[in-house]
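# Structural features, examined
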Amino acid sequence: MRKLELPRNVSLAVWLVLVPALLFGLGLWQAERAAETLAQSKELSEGLTTTLAQVRKIAETEPGAMLTFQGDAGAKSLSAMVAVPQVAAALERAEEDLEISSIRRPLPWGTIGGAILAFASGILGLATATVSGLRARRSQEQLVRSFGRLRIILPFILAALVIGFCIGIVCAAVFEAISMGLWADFSSGSAKLFALALMLAGLALYSAFLGLRGLKDVFALFAPQPMDIFGRRVQEADAPGLFRFVRDLADRQQAVRPDTVVVGLTQGFFVTESELRLWPENEVVAGRTLYLPTPYLDLLDEPEVAAVIGHELAHFSGKDTLYSQRFTPIYAGLWRSLTALQRGDGGSFVLYPAALLGFHALEQFDHAVNHWSRIREFDADRSGARSSSVVGAASALIRTGLIAPALNHVFGLAAERTLSADNSEPASDLVAETSDLVRANGWSDPVSLLEDRQPHPTDTHPPTIQRIQAMGLTADERLLGIATRAPKPAGLTFAFELFSDWKALCRQLSGDYLNHLRDLRSARRQTLEALAAAAPGETVVYDNVKPMIWTMAIVAAIFAGFGLMVTVFAAEIGFAHDYFARALVSGIAAAGVVMCGLYALYLHRSAAQPLMILTPAELRAWMLDRPVAWTDIDAHKVFASNRFALRLLLAPSASLPAKKWRALHSKIDRKQRIVTIGAMGIRGMKAAEFSALVERYHNAAHALKELSKFS
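First things first, this report covers the structure right here in the doc. (Residues numbered from 1 in each chain as written. Predicted model: local features only at pLDDT ≥ 70, side-chain atom pairs only at ≥ 80, totals over all residues. Heavy atoms only, no water.)

## Regarding the overall build of the protein chain
Of regular secondary structure, the protein chain possesses 21 helices and 17 strands. In the protein chain, which comprises 711 residues, the share counted as buried stands at 45%. At a minimum sequence separation of 6, the contacts of the protein chain that also span at least 24 residues come to 77%. Counting only carbon and sulfur atoms, one obtains 59% of the accessible surface of the protein chain, whose full area is about 36,300 Å². (Helix = DSSP H or I, 4+ residues; strand = E, 2+ residues; numbered from the N terminus. Buried < 20%, exposed > 50% of the residue type's maximum accessible area, 1.4 Å probe, protein only. Contact = heavy atoms within 4.5 Å. Areas by Shrake-Rupley, 256 points an atom, 1.4 Å probe, with all protein chains shown as cover.)

Here it is, written out as structure tokens:
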């Protein structure tokens, strides 16, 4: 059954308006009941106190005097001596009710207060998010300022929302649990309801505890984390030409120079002021960082490199610096934190409204973020074009898009080589392999890539075709011809002029990448070996027919008792002279006993036959004409609601087995490729235990299959 998902705006209205309103109404109703019950308890206690004093006085002088008491059940007459202990007991119960009423009297105000706090914080959060989002669309500077204010206010709003729901729900649940102690007819059924109410109150308290524990995540929403990048920091001694080139570009653009230059194999060109964690050396760098992908440097000429780096340096100037430093990392961190908050360690009932409001607040900035990001990229493109030429900038946009498919192909080949051998292969140069691939095979079709967006770890870019058009050019044959020209011969590319030892750097970065692949492969192999070792050798399971045999015995006893009653007590039940009816009923009862006995005997004998045999390679079941290999099974599930069943979803390439005619509770769905093995249960195992056993066999077989690729 599909899960009903309400639209975001409807969910906001339900959780931030309707639920607090219902909680508020419940609190008012509880307050009215509490006040009424307290007043009745006081009146009853005072009345019984007066009555007890009067009855005792009469009992001292005339113990046998008959007194008439008016109650809910009507008038009742008792002697004064007998009435004293009964009135005293009634007074004791009334005083207990008064005490309970006094204890529960303030709880509705907690429900009302929690509802008001949740409603007020929800409305305040919606208003704050809406106003901040509207202001953020005015300018990029206003975007940063509005988000800065939101980052201060939002954690407190979300905390108030969580606390409000916690207080309201817990007080309401505890009030109802205590209220059951006031029931006069506290029977066994009432006791069960009282226990249920206590369980609900306990659940509410536990959810509140989890929600309050989750508040630490609310107040840590904006803690940015370093971004992980595979690459190495480059010193000026390693790349004097590059540093000189970057300084000249920065001076021409009057832009701020980067503090750190990082080179790598993956990602595209980008700059950031967020912290980066560089792998494999686990080095954290801060400040203004310029990242350069070496495969791109090797395939671009000087005007194109100037345009791309000029574009990136433009982000270090003016408002982009503020945006990059104060907004982007915190904005990304907020998405991660809200996602973690939504999971909420199981306390989703009280945390869900806060997460919902947090996502809504963030979405109010999405339009403004995309709008100003688009403008920033267009401005940076124009700045990059001024550092080189408009044609060079446009050619660089197209050419960088064409490099990605070639690089991915080389990465795929490198992964296959790494997976095909356990020993480390000789040092490779993946940068040179990418350039050689393009020299040998040419470029892919550029037209199909014009709608793509340039890769970036934090920002989104407009499509390439729009960026070219914004510079006043069209992607005609002339521009496409320039962008798809053949690369320069090896050793003569512009990258060799920028670095002291370009080849050594490329081999080092390639070695880092391949070592990372080997580490991933080793970790994957260890995981697969653990899965393969988790399955036992061979397990034989039997149908759990014992409960059904006992059921048949009980039914047979009922038949036998009914037949015996008709035979022995025929006169008492009116069958003494109706021989036909007596014989018919006795025959039916005897037939019932025989049929139950025969079915129980059949079950007993069939239980000796294994239901299924699980081996590391396959599953064998008596109702199937052939085994089913674990590697032919895509998924499985165990059902134990109405009747026990193991359902197997077979892969499209697997052949379906046939079902034996005696297996009435098993079936083969050839259209959906589902094999259902029915049974009464698994002897000695619960459904969850059997499901875990099947999972171990299934995982082990697939792990062994994948491990064979490592050899």
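Having seen the structure, we can now continue with the description.
## Brief notes about the packing of aromatic side chains
What describes a pair of aromatic rings is the distance from one ring centre to the other and the angle between the planes of the rings. Counted according to the given criterion, the structure contains eight aromatic pairs. Between Phe270 and Tyr291 the ring centres are 4.9 Å apart and the planes differ by 20°, which places this aromatic pair in the stacked class. Placement of the pair is Phe270 in strand 6 (residues 270–272) and Tyr291 in strand 9 (residues 289–293), with a sequence separation of 21 residues. Relative accessible area serves as the criterion here: at 0%, Phe270 is assigned to the buried category. Counting every residue linked through ring pairs, the aromatic cluster contains Phe496, Phe499 and Trp502. Its guanidinium or amino end placed over the ring of Trp29, Arg33 lies 4.1 Å from that ring's centre, counting from NZ or CZ. (Phe/Tyr/Trp six-rings, centres within 6.5 Å; stacked < 30°, edge-to-face > 60°. Lys NZ or Arg CZ within 6 Å of the ring centre and 35° of its normal.)

## Some thoughts on helix 4 (residues 140–179)
Spanning 40 residues, helix 4 covers 57 Å between terminal C-alpha atoms, matching the ideal 58 Å at 1.5 Å per step. Considering bend angle alone, the principal kink of helix 4 is centred on Ile153 and spans about 35°; proline Pro155 follows within four residues of it. Of all 40 residues making up helix 4, 28 are buried, and the element is well covered by its neighbours. (Expected span 1.5 Å × (residues − 1). Bend = angle between axes of the 7 residues up to and from the residue.)

## Some words on the sheet that holds strand 12 (residues 618–621)
What the four strands build is an open sheet, ordered 10-11-12-13; its pairing is antiparallel. Either end of the sheet is taken by a strand with one partner, and the two such strands are strand 10 (539–541) and strand 13 (628–629). Relative to strand 11 (residues 612–614), helix 21 (residues 687–707) is tilted by about 45°, and along the sheet it contacts strand 10 and strand 11. (Pairing = 2+ DSSP bridges. Axes fitted to C-alpha atoms, helices over the stretch in contact; angles between N-to-C directions.)

## Digging into the sheet that holds strand 15 (residues 644–650)
Sheet architecture is open: four strands sit in the order 14-15-17-16, paired in antiparallel fashion. Taken across any chain shown, the strands that pair with only one partner, and hence form the sheet edges, are strand 14 (633–639) and strand 16 (667–669). Each strand axis lies, on average, 15° off the axis of its neighbour in the sheet, ignoring direction. Where helix 21 meets the sheet, it contacts strand 14 and strand 15, and its direction lies at approximately 170° from that of strand 14.

## Quick word on the nonpolar core
Counting residues in hydrophobic clusters, the biggest one holds 63 residues, and the most contacted among them are Leu242, Leu292, Ile309 and Phe499. Considering each element in turn, this core owes the most residues, twelve residues, to helix 12 (residues 390–419). In contact with Ile309, other than residues within four places in its own chain, are Leu242, Phe245, Val246, Leu249, Leu290 and Leu292. Judged by nonpolar contacts, the second largest core, of 30 residues, contains Leu614, Leu619, Trp630 and Leu646. (Core = buried A, V, L, I, M, F, W, Y, C linked by side-chain atoms within 4.5 Å.)

## Describing the packing of helix 1 (residues 8–61) against helix 4
Direction vectors running N to C along helix 1 and helix 4 enclose 35°, while the axes themselves pass 11 Å from each other. Here helix 1 and helix 4 pass one another in a crossing that is left-handed. For the pair helix 1 and helix 4, the contacting residues are Trp15, Leu16, Val19, Pro20, Leu23, Leu26, Gln30, Arg33 and Ala34 in the first and Leu161, Phe165, Gly168, Ile169, Ala172, Phe175, Glu176 and Ser179 in the second. Its residues placed into classes, the contact of helix 1 with helix 4 shows twelve nonpolar, three polar and two charged. (Left-handed = near helix turned anticlockwise from the far one by under 90°. Nonpolar A, V, L, I, M, F, W, Y, C, P; charged D, E, K, R; others polar.)

## Considerations on unusual backbone geometry
Residue Pro280 follows Trp279 across a cis peptide bond; omega there is 20°. Within the fold, Pro280 resides in the loop between strand 7 (276–279) and strand 8 (283–285). Residue Asn282 is not a glycine yet carries a positive backbone phi of 55°. Position of Asn282 among the secondary structure elements: in the loop between strand 7 and strand 8.

## Quick notes on a negative patch on the surface
Residues Glu92, Glu95, Glu96 and Glu99 make up a contiguous surface patch of negative charge. For Glu95, the location among the structural elements is in helix 2 (residues 80–104). Residue Glu95 is classed as partly exposed on the basis of its relative accessible area of 41%. (Patch = residues over 30% accessible without salt bridge, like charges linked within 9 Å, V, L, I, M, F, W, Y side chains within 5 Å. Salt bridge = Lys/Arg side-chain N within 4 Å of Asp/Glu carboxyl O. Lys, Arg positive; Asp, Glu negative; His and termini not counted. Charge placed at Lys NZ, Arg CZ, Asp CG, Glu CD.)

## Here's the deal with the pairing of strand 17 (residues 674–679)
Counted residue by residue, strand 17 has six buried out of six residues, so it is predominantly covered. Here strand 15 runs beside strand 17; their pairing, made up of six bridges, is antiparallel. Among the inter-strand pairings, Leu646 is bridged to a residue of strand 17, identified as Ile677. The sheet contact formed by strand 16 and strand 17 spans three bridges and is antiparallel. Paired with Asp669 across the strands is Ile674, a residue of strand 17.

Read these as geometric descriptors, not functional statements.
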